[in-house]
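Fold and geometry: a report
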Amino acid sequence: MARNKDEAPADGMDYLTSIPRRWVTVYIPLLLFLFVLLFPFYWMGITAFKSNEELYDFQNFSPFWVAHPTLANIEKLLFRTAYPEWLLNTLLVSVVSTFLSLFCAVCAAYAIERLRFKGARFVGLAIFLAYLVPPSILFIPLASMVFAYGLFDTKWALILTYPTFLIPFCTWLLMGYFRSIPYELEECALMDGASRLQILVKILLPLAVPGLISAGIFAFTLSWNEFIYALTFIQSSEQKTVPVGVITELVEGDVYHWGSLMAGALLGSLPVAILYSFFVEHYVASMTGAVKE
């Protein structure tokens, strides 16, 4: 029987037909989620612009907003510490280690998923299990290797050790995308005389763009926020990354420079936030163009 245009759609979404139900089931949960998600950034932002008087005097000033904004904390962070150098170090280490990890992950994922050798599934599972090993266990033998090769207190110590936890997960993620690409495309290319390298570069990688973007964002984020290896392998202030530099240089004994600490955390989180906001559109666009068998 035909349904009247004014009738509500009977497709399981009847609870959204009235405004009160919409508020209870959609709007209020979304507002709570946004509050929990954005409140830390709001707290870092207002703390970065507060004076020491406002930070510690809760009787005359509210902790939830700024009465007299000041740029003293940001000025101290940018001009009286090595924060710009820490930011450049973090960016360099994250970008290089991400590209190195993606290169190794693409080669490993292609070999496991497309060459079809005996035991490929067990190799893939072993690579993923390597990701589950805690960094607190790995950094001890890695420290011995870093000292043995003279890489201590250099950026290369981080660039060459970060892939130890980036490559396993990136490989596992790309294996899933390579598995979704039809084998017929590769077989046709082999019949036309294409080499394995040409197939990988000209056929598989363009079709696996969503996986590459996801793995790249994941690797960059982990590299940017990594703390244990950077704290262990770097000693001099000019070689430190943002997570280590902010904690070690802005905490003097039992004195916490909260304004500069929050300013450093806020500025340090902006590149990752910008990266996510920029690549979300490309990620969604790539997903809509994914290959289906």
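So, here is what we can say about the structure in this document.

Criteria and cut-off values
- Residues numbered from 1 in each chain as written.
- Predicted model: local features only at pLDDT ≥ 70, side-chain atom pairs only at ≥ 80, totals over all residues.
- Heavy atoms only, no water.
- Core = buried A, V, L, I, M, F, W, Y, C linked by side-chain atoms within 4.5 Å.
- Buried < 20%, exposed > 50% of the residue type's maximum accessible area, 1.4 Å probe, protein only.
- Helix = DSSP H or I, 4+ residues; strand = E, 2+ residues; numbered from the N terminus.
- Contact = heavy atoms within 4.5 Å.
- Axes fitted to C-alpha atoms, helices over the stretch in contact; angles between N-to-C directions.
- Parallel < 35°, antiparallel > 145°, perpendicular 65-115°, else oblique.
- Left-handed = near helix turned anticlockwise from the far one by under 90°.
- Nonpolar A, V, L, I, M, F, W, Y, C, P; charged D, E, K, R; others polar.
- Expected span 1.5 Å × (residues − 1).
- Arc of directions from axis to C-beta.
- Salt bridge = Lys/Arg side-chain N within 4 Å of Asp/Glu carboxyl O.
- Patch = residues over 30% accessible without salt bridge, like charges linked within 9 Å, V, L, I, M, F, W, Y side chains within 5 Å.
- Areas by Shrake-Rupley, 256 points an atom, 1.4 Å probe, with all protein chains shown as cover.

**Re the nonpolar core**
Of all hydrophobic cores here, the largest spans 36 residues; its most connected members are Leu158, Tyr162, Phe178, Leu204, Tyr229 and Phe233. The set of elements that each furnish at least two residues to this core consists of α4 (83-114), α6 (135-148), α7 (155-161), α8 (163-179), α10 (196-207), α11 (209-225) and α12 (228-233). In contact with phenylalanine 178, not counting residues within four places along its chain, are Val106, Ala109, Tyr110, Glu113, Arg114, Leu200, Leu204, Leu205 and Ala208. By size, the runner-up hydrophobic cluster in this structure holds eleven residues, among which are Ala48, Tyr83, Trp86 and Leu261.

**Remarks on the packing of helix α5 (residues 120-131) against α8**
With their axes 7 Å apart at the nearest point, α5 and α8 run at an angle of 140° to one another. Relative to α8, the element α5 lies oblique. For the crossing formed where α5 meets α8, the hand is left-handed. On α8, the residues touching Arg121, Gly124, Leu125, Ile127, Phe128, Ala130 and Tyr131 of α5 are Phe165, Pro168, Phe169, Thr171, Trp172, Met175 and Arg179. Along the lines of polarity and charge, the residues of the contact of α5 with α8 split into ten nonpolar, two polar and two charged.

**Overview of α10**
Along its twelve residues, α10 runs 15 Å from first to last C-alpha, staying within 8% of the 16 Å computed at 1.5 Å per residue. Of all the positions in α10, only Ile199, Leu200 and Leu204 are classed as buried. Around the axis of α10, the buried residues are gathered within 95° of arc, so they sit on the same side. Of the residues in α10, the exposed ones pointing more than 90 degrees away from the buried face are Leu197 and Lys202. Next to the buried residues of α10 lie α4, α8 and α9 (183-191).

**Description of the pattern of salt bridges**
Counted according to the given criterion, the structure contains five salt bridges. Put simply, lysine 240 and glutamate 249 hold a salt bridge, and the shortest N to O gap is 2.9 Å. The class for lysine 240 is buried, based on a relative accessible area of 9%. By relative accessible area, glutamate 249 is classed as partly exposed at 30%.

**Let's talk about helix α3 (residues 72-79)**
What α3 keeps buried is the set Asn73, Ile74 and Leu77. Down the axis of α3, the smallest arc covering the buried residues is 95°, so these residues share one side.

**Observations regarding a nonpolar patch on the surface**
On the surface, a nonpolar cluster with roughly 1200 Å² of combined accessible area is contributed by Ile19, Trp23, Val24, Tyr27, Ile28, Leu31, Leu32, Phe33, Leu34, Leu37, Leu38 and Phe41. Within the element layout of this structure, leucine 37 appears in helix α1 (residues 19-48). The class for leucine 37 is partly exposed, based on a relative accessible area of 43%.

**What about unusual backbone geometry?**
Its identity is not glycine, yet aspartate 153 carries a phi of approximately 65°, on the positive side. Here aspartate 153 shows up in the loop between α6 and α7.

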